[in-house]
Amino acid sequence: RKPAYLAALIGSDIGASLTPAMHEREGAAQGLRAIYRLLDFTTLGLGPEALEALLVAAERMGCAGVNVTHPCKQSVIPLLDELSEDARALGAVNAVVLRDGRRVGHNTDWSGFAEGFRRGLPDASRRQVVQLGAGGAGSAVAHALLTLGTERLVILDTDAARAAALAASLAARFGAGRAVAGEDPAKAMAAADGLVNCTPVGMAKHPGLPLPASLLRPDLWVAEIVYFPLETALLRTARALGCRTLDGGGMAVFQAVGAFRLFTGIEPDAERMRRHFAAL
Ligand code: SKM
């Protein structure tokens, strides 16, 4: 009999997640009996205070690990035995390895974005980058960009205090001046090599552009983290102008690649997982 691989995603309203299919398909291709379940607070009729009960359930079922998503990426931390260095720095966990009665938290969101970027825009200059959105996803993407060598990251958010708080926390970790909260989008864009959108604008429920199209130029690269739909209005507009673009699929796939590696100890075939994602 093939070895079993059990995992789960814990979060609210996660019915449309493509993560289970990516893990199960890759697991099967690696010769495992892979089952990846959704533990959805909404469909279970539970509140987020049930997080610990769901973690215990996953452990008792023999899950090798769980991904956690909204609204649990911070609230899971006090329930863990250990954190990876990057998860601690980010203050956010999206992957928990369950082994020998211990729970170890990791963050494959930032490493997923970084890997998608390296592959998708390998030689793009990332010295000066404008980032729209300072929420949870934005904090992972900013960590990735600074790790990839961005010298100056200008963060814009409709909530100026949130942009300032993220910039301050990044500057404390990566060095003064490497991340700043911007005020004037036109000024920030004039000096930028690239733009990354970490706001929900562009999703079906939030249509439109996250900044005026007049601020785009053909020599910019433009990256998205939205992947429902893969082609947002921003990417369409940027591509029509001649910009190089990176869609949100990279981060979605490579967070799963990283989690699969952590949970199973097996090196997944990233290209196969990417092809599978594209076919979903
Ligand atoms: O961090 C990821 C998580 O690992 C999986 C996920 C999903 O499948 O919806 C979303 C992100 O939060």
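Not measured: the values here are computed from a predicted model.

K.L.:
Mind showing me how you'd approach the side chain of Q255 here?
P.N.:
Along the polypeptide, Q255 turns up in helix α10 (residues 249–264). Overall, Q255 belongs to the buried group, its relative accessible area being 10%. At 3.0 Å, the side chain of Q255 forms a polar contact with the backbone oxygen of A252. If sequence neighbours within four positions are ignored, Q255 has contacts with T19, M22, N67, N94, T108, D109 and G112.

K.L.:
Looking at this model, I keep getting lost on the domain arrangement of the chain. Mind explaining?
P.N.:
It is common to report an interface's size as the accessible area lost on association of the parts. If you check the domain split of the chain, you get domain 1 (4–106 + 251–279) and domain 2 (110–247). Summarising the inter-unit geometry, the C-alpha centres of domain 1 and domain 2 are found 26 Å apart. Across the domain 1/domain 2 interface, buried area totals approximately 1,200 Å², and carbon plus sulfur atoms make up 72% of it. The largest per-residue losses of area from domain 1 upon contact with domain 2 belong to L90, M251 and F254, which jointly make up 51% of the total buried on that side. Here domain 1 is connected to domain 2 by one salt bridge. Salt-bridge contacts for R119 lead to E271; the nearest nitrogen and oxygen are separated by 2.8 Å.

K.L.:
What am I meant to see in the pattern of salt bridges here?
P.N.:
Pairing is possible between side chains of opposite charge, provided their charged atoms come close. Inspection of the entire model under this criterion finds 16 salt bridges. Where R239 meets E231, a salt bridge forms, and the shortest distance between an N and an O atom there is 2.3 Å. Residue classification places E231 among the partly exposed positions, given a relative accessible area of 33%. Via salt bridges that share partners, E115, R118, R119, E271 and R274 belong to a single interconnected network.

K.L.:
Would you mind going over the packing of helix α6 (residues 136–147) against helix α7 (residues 160–174) with me for this structure?
P.N.:
Two quantities define a packed helix pair, namely the angle between the helix axes and the distance between the axes. In the contact formed by α6 and α7, the axes pass within 11 Å of each other and the chain directions differ by 30 degrees. Crossing handedness for the pair α6 and α7: right-handed. Between α6, through G138, S139, A142, H143, L146 and T147, and α7, the contact on the second element is made entirely by L166, L170, R173 and F174. The class makeup of the residues in the contact of α6 with α7 is five nonpolar, four polar and one charged.

K.L.:
Sorry if this is basic, but what is going on with the pairing of strand β6 (residues 102–106) here?
P.N.:
Taken across its five residues, β6 has four buried, putting it largely inside the fold. The pairing of strand β4 (residues 82–83) with β6 spans two bridges and is parallel. Directly across from E82, in β6, lies its bridge partner V104. Bridge count between strand β5 (residues 95–99) and β6: five bridges; the pairing is antiparallel.

K.L.:
Just to check I follow, could you spell out the site of the ligand for this structure?
P.N.:
All residues adjacent to the ligand are L9, S17, T19, N67, T69, K73, N94, D109 and Q255. The contact in question runs from an oxygen atom of the ligand to an N or O atom on the side chain of K73, over 2.7 Å. Residue D109 places a side-chain N or O atom 2.6 Å away from an oxygen atom belonging to the ligand. Split by residue class, the shell around the ligand holds one nonpolar, six polar and two charged.

Parameters at a glance
- Residues numbered from 1 in each chain as written.
- Predicted model: local features only at pLDDT ≥ 70, side-chain atom pairs only at ≥ 80, totals over all residues.
- Heavy atoms only, no water.
- Helix = DSSP H or I, 4+ residues; strand = E, 2+ residues; numbered from the N terminus.
- Buried < 20%, exposed > 50% of the residue type's maximum accessible area, 1.4 Å probe, protein only.
- Polar contact = N/O pair within 3.5 Å; in protein donor to acceptor, adjacent residues only side chain to side chain.
- Contact = heavy atoms within 4.5 Å.
- Domains from an automatic or database assignment.
- Buried area = accessible area lost by both parts, 1.4 Å probe.
- Salt bridge = Lys/Arg side-chain N within 4 Å of Asp/Glu carboxyl O.
- Axes fitted to C-alpha atoms, helices over the stretch in contact; angles between N-to-C directions.
- Left-handed = near helix turned anticlockwise from the far one by under 90°.
- Nonpolar A, V, L, I, M, F, W, Y, C, P; charged D, E, K, R; others polar.
- Pairing = 2+ DSSP bridges.
- Near = heavy atom within 4 Å.

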